[in-house]
Number of protein chains: 2
Amino acid sequence: MTSCANDPLAISADDVLGAARMIRGVAVRTPLLEYAFLNERIGSRVLIKFEGAQISGSFKFRGAYNRLARIAEADRAKGVVAWSSGNHAQGVAAAARILGIPAAIVMPEDAPVMKLANTRALGAEVVLYDRASQSREEIATALANERGAVLVPSFDDPFIIAGQGTVGLEIMEQAEECSADISQVLVCCGGGGLVAGVATAIRDKLPDVAVWSVEPADFDDTARSLVSGRREKVPVGASSICDALLTPMPGALTFPINRQLLAGGLSVTDDEVRSAMRYAFEVLKLVIEPGGAVALAALLSGKAPKADGATVVVVSGANVDADLFASAIA
Amino acid sequence: MTSCANDPLAISADDVLGAARMIRGVAVRTPLLEYAFLNERIGSRVLIKFEGAQISGSFKFRGAYNRLARIAEADRAKGVVAWSSGNHAQGVAAAARILGIPAAIVMPEDAPVMKLANTRALGAEVVLYDRASQSREEIATALANERGAVLVPSFDDPFIIAGQGTVGLEIMEQAEECSADISQVLVCCGGGGLVAGVATAIRDKLPDVAVWSVEPADFDDTARSLVSGRREKVPVGASSICDALLTPMPGALTFPINRQLLAGGLSVTDDEVRSAMRYAFEVLKLVIEPGGAVALAALLSGKAPKADGATVVVVSGANVDADLFASAIA
């Protein structure tokens, strides 16, 4: 499972273009927003790519639809199986519904209430497991084998990574529309699928742009792996309010891409995340979930490098329970 | 003060085009957002014009900048004076700061904390008054006379109305970009400046589009005035959580426009407003203040007519205190 620097990468920029054709007219082209007050605070242009407005409230719909749409017609009735703490769940459920494919999603019992409810409302079968004692991979794999269903990974899959990369294509188009010269892009990182896809798309066209991954402080496995050159694990007992980013180690497919294309890895504390959520409420007027706010937190906390040109902040999702949101903005 | 159907209207569509030229590159071209889940719920296309992303968190910056930019250089040092519960205050303060004009704003003591703080943070002098015992008009007029400052009304001014009308121009441009055929536009209404400007812009180009005003149930003076044909007052003791829309009667300049151009007036209860704020949090992922949510509330409650084509909902502002927002989404 270790990767060699000379291995071919799992996807190319052409795969992202293929994904863009596949999701066109189905996924939302989410807005790239600019705020005078934020520019003033940072001292240079900042552009917010708001994936909260994506179908299912996060970027996950892009990769899920790109993956599910590749399943042959004859195999669709057997369905798909996925595991997820919630955003991939909703993305798969929404894509499956549009394509008429039955979906079963293995989710932790302590997933956010909104994510469980939305996944069920989208028509998916939710299979709960106990995070402490059970393996979601084993449950999902057994279920897929039993049904002959397609297992849909949350990040370590070429179609998933390419689908998430469409965020990067849109950023470049929209930055051109508003005459912004991009210096750097800050992207949240769990398994690394979004940042790998975005980096693939952007650095193919704009090789001088620095793409940074941003993780919760206790889950900085990608940041450490980028330094050591091999896939490092998250220590036992790590915790964070960023439920969408609690991945134990970088992906086998995503890490080689990120190792080659990223400028480096940043990390932020839960307090910095809450502060970013509050700033988004007060100034940006956007709802952001904890995991969706890490890139903004890196910028506002001063952990991201200063840039001469525009900094693009990917706000990846907005599926947050009302009580957690209320406590963050209080 | 009564208006005759044959009086010339205060503004024309050309005045809105003039305002658009004036604010170009200064005001934000706010996004027009579309959500598959909302379309599905309503059964036809819905487009959300999100003025929460405007400078100062509401549409008010548009009219304020268009008015202040017309003040002769020689008169700018004497400053401007306005009265407002908060959004016009912030719009005037932000425009004054950009143009280098001193601003004093007369605000009620019980205005939302965020609106008071933002107005001061923008460099304006805030003069507090007691809503029960003092007249904001008298305080502001005395202050303006004393200083030789320009009084900036919150709605009854041709440049203010024309500036707010730029929302309508953007709606038409953006609807064309997403190939939407607009049937109706729902717009919040306090003094009626925003809806008058939007109706002027839109019905000049698209005379078949129905533009509706939406008010809080207790403050439905425009709805009643549209029926009676004369400017009706809000009864003493009326109350609503929509602090931005507590205007005692339609404007002398705005009402003749609205009388001629609107399809009619709708109204919504505070509970319908809270429910719309919760829906915006859960599904749209947008922060909306109570007064900014009335048009969405009219749509979600079924009070707006069914439309074959697209319904445009103007979300006019998002300056809401955290505790009120938390209670609305709970």
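Residues numbered from 1 in each chain as written. Chains lettered and ligands numbered in written order. Predicted model: local features only at pLDDT ≥ 70, side-chain atom pairs only at ≥ 80, totals over all residues. Heavy atoms only, no water.

1. Quick notes on the sheet that holds strand S1 (residues 32-34) of chain A
Consider a sheet: its strands pair through backbone hydrogen bonds, and that pairing is either parallel or antiparallel. Residues and elements named next belong to chain A. In space, the six strands of this open sheet follow the order S1-S2-S10-S7-S8-S9, with mixed pairing throughout. In the strand order of this sheet, the two ends are held by S1 and strand S9 (264-268), each with one partner. When strand polarity is set aside, the average angle formed by the axes of neighbouring strands in this sheet is 30°. For strand S8 (residues 210-216) and S9, the ladder comprises five bridges, and the chain directions are parallel. Within S9, the residue paired with Trp-212 across the bridge is Gly-264. (Pairing = 2+ DSSP bridges. Helix = DSSP H or I, 4+ residues; strand = E, 2+ residues; numbered from the N terminus. Axes fitted to C-alpha atoms, helices over the stretch in contact; angles between N-to-C directions.)

2. A look at the interface of chain B and chain A
Interface size, as often reported, equals the accessible area lost upon joining of the parts. Opposite the 31 residues of chain B that make contact, chain A presents 30 residues. In total, chain B and chain A occlude about 2,200 Å² of area from one another, counting both sides; carbon and sulfur atoms represent 73% of this. Of all residues in chain B, the largest losses of buried area upon contact with chain A belong to Phe37(B), Phe281(B) and Lys285(B), amounting jointly to 29% of the total for that side. On inspection of chain B and its partner chain A, the count reaches two salt bridges. Between chain B and chain A we count eight residue pairs in polar contact (both at pLDDT 80 or more) in total. Counting only elements with at least two residues in the side of chain B that touches chain A, the list comes to helix H2 (36-42), helix H12 (270-284) and helix H14 (322-329) of chain B. Ranked by the residues each element gives to the side of chain B that touches chain A, the list is headed by H14(B), at four residues. Classifying every residue of the side of chain B that touches chain A by side-chain character gives 21 nonpolar, four polar and six charged. (Contact = heavy atoms within 4.5 Å. Buried area = accessible area lost by both parts, 1.4 Å probe. Salt bridge = Lys/Arg side-chain N within 4 Å of Asp/Glu carboxyl O. Polar contact = N/O pair within 3.5 Å; in protein donor to acceptor, adjacent residues only side chain to side chain. Nonpolar A, V, L, I, M, F, W, Y, C, P; charged D, E, K, R; others polar.)

3. Focus on the relation of the copies chain B and chain A
Least-squares fitting of chain B to chain A yields an RMSD of 0.0 Å, with the superposition described by an axial translation of 0.0 Å and a rotation of 180°. As the rotation angle and translation indicate, the two copies are arranged about a two-fold axis. The share of interface residues of chain B whose copies in chain A are also at the interface is 97%, consistent with both copies meeting through the same surface. (Least-squares fit on C-alpha atoms with pLDDT ≥ 70 in both.)

4. Structural notes on unusual backbone geometry
With a phi close to 75°, Ser56(A) is a non-glycine residue in the positive phi region. Its place among the elements puts Ser56(A) in the loop between strand S2 (46-50) and helix H3 (60-68). In the Ramachandran plot, Lys285(B) falls in the positive-phi region, its phi being about 65° despite a non-glycine side chain. When you line up the elements, Lys285(B) lands in the loop between H12 and helix H13 (294-300). A relative accessible area of 1% means that Lys285(B) is categorised as buried. (Buried < 20%, exposed > 50% of the residue type's maximum accessible area, 1.4 Å probe, protein only.)

5. Focus on the nonpolar core
Core analysis: the largest hydrophobic core is formed by 163 residues, its most contacted members being Ile48(A), Val185(A), Ile48(B) and Val185(B). Dropping the residues within four chain positions of it, Val185(B) is found in contact with Ile171(B), Val198(B), Ile202(B), Val209(B), Ala210(B), Val211(B), Trp212(B), Val312(B) and Val314(B). (Core = buried A, V, L, I, M, F, W, Y, C linked by side-chain atoms within 4.5 Å.)

6. Some words on the pairing of strand S3 (residues 80-83) of chain B
Remember that side chains alternate between the two faces of the sheet whenever the strand is regular. Residues and elements named next belong to chain B. Residues of S3 alternate between two faces, with Val-80 and Ala-82 on one and Val-81 and Trp-83 on the opposite face, all of them buried. Here S3 pairs with strand S4 (residues 103-108) via four bridges, running parallel. Across the sheet, Val-81 pairs through a bridge with Ala-104, a residue of S4.

7. Regarding the packing of helix H1 (residues 13-23) of chain A against helix H8 (residues 158-177) of chain A
When two helices pack together, their arrangement is given by the angle between the helix axes and the distance between those axes. Residue and element names in this part refer to chain A. Here H1 crosses H8 at 90°, and the two axes come no closer than 8 Å. Here H1 lies roughly perpendicular to H8, going by the angle between them. Contacts from Asp-15, Val-16, Leu-17, Ala-19, Ala-20 and Ile-23 in H1 reach Ala-162, Gly-163, Gly-165, Thr-166 and Leu-169 in H8. Per-class residue counts for the contact of H1 with H8 are seven nonpolar, three polar and one charged. (Parallel < 35°, antiparallel > 145°, perpendicular 65-115°, else oblique.)

8. Some thoughts on the packing of aromatic side chains
Ring pairs (aromatic) are described by centroid distance and by the angle formed between their planes. Across all of its chains, the model carries seven aromatic pairs over all chains by this definition. Arranged with centres 5.1 Å apart and planes meeting at 55°, the rings of Phe325(A) and Phe281(B) form a pair that is tilted. Residue Phe325(A) is found in helix H14 (residues 322-329), and its partner Phe281(B) is found in helix H12; the two belong to separate chains. Each of the two residues, Phe325(A) as well as Phe281(B), counts as buried. Each member of the aromatic cluster is reached from another via a ring pair, and the members are Phe281(A), Phe325(A), Phe281(B) and Phe325(B). (Phe/Tyr/Trp six-rings, centres within 6.5 Å; stacked < 30°, edge-to-face > 60°.)

9. Focus on the domain arrangement of chain A
Residue and element names in this part refer to chain A. If you check the domain split of chain A, you get domain 1 (13-59 + 160-329) and domain 2 (61-155). With 36 residues of domain 1 in contact, the opposing surface of domain 2 contributes 26 residues. Here domain 1 packs against domain 2, burying approximately 2,300 Å² in sum over the two surfaces, 58% of which is carbon and sulfur. Between Glu-289 and Lys-115 there is a salt bridge, and its shortest N-O distance comes to 2.8 Å. Where domain 1 touches domain 2, the interface holds 14 residue pairs in polar contact (both at pLDDT 80 or more). Of all elements in the fold, only H1 and H8 reach the threshold of two or more residues within the side of domain 1 that touches domain 2. It is H8 that contributes the most residues to the side of domain 1 that touches domain 2, eight residues altogether. Split into classes, the residues belonging to the side of domain 1 that touches domain 2 amount to 16 nonpolar, 14 polar and six charged. (Domains from an automatic or database assignment.)

10. Quick word on the sheet that holds strand S8 (residues 210-216) of chain B
All names here are of chain B. Strand order in the open sheet formed by six strands is S1-S2-S10-S7-S8-S9, with mixed pairing between adjacent strands. Two strands lie at the open edges of the sheet, namely strand S1 (32-33) and strand S9 (264-268), each paired on one side alone. Against the sheet, helix H10 (residues 221-228) touches S8 and S9, its axis set at about 130° to S8.

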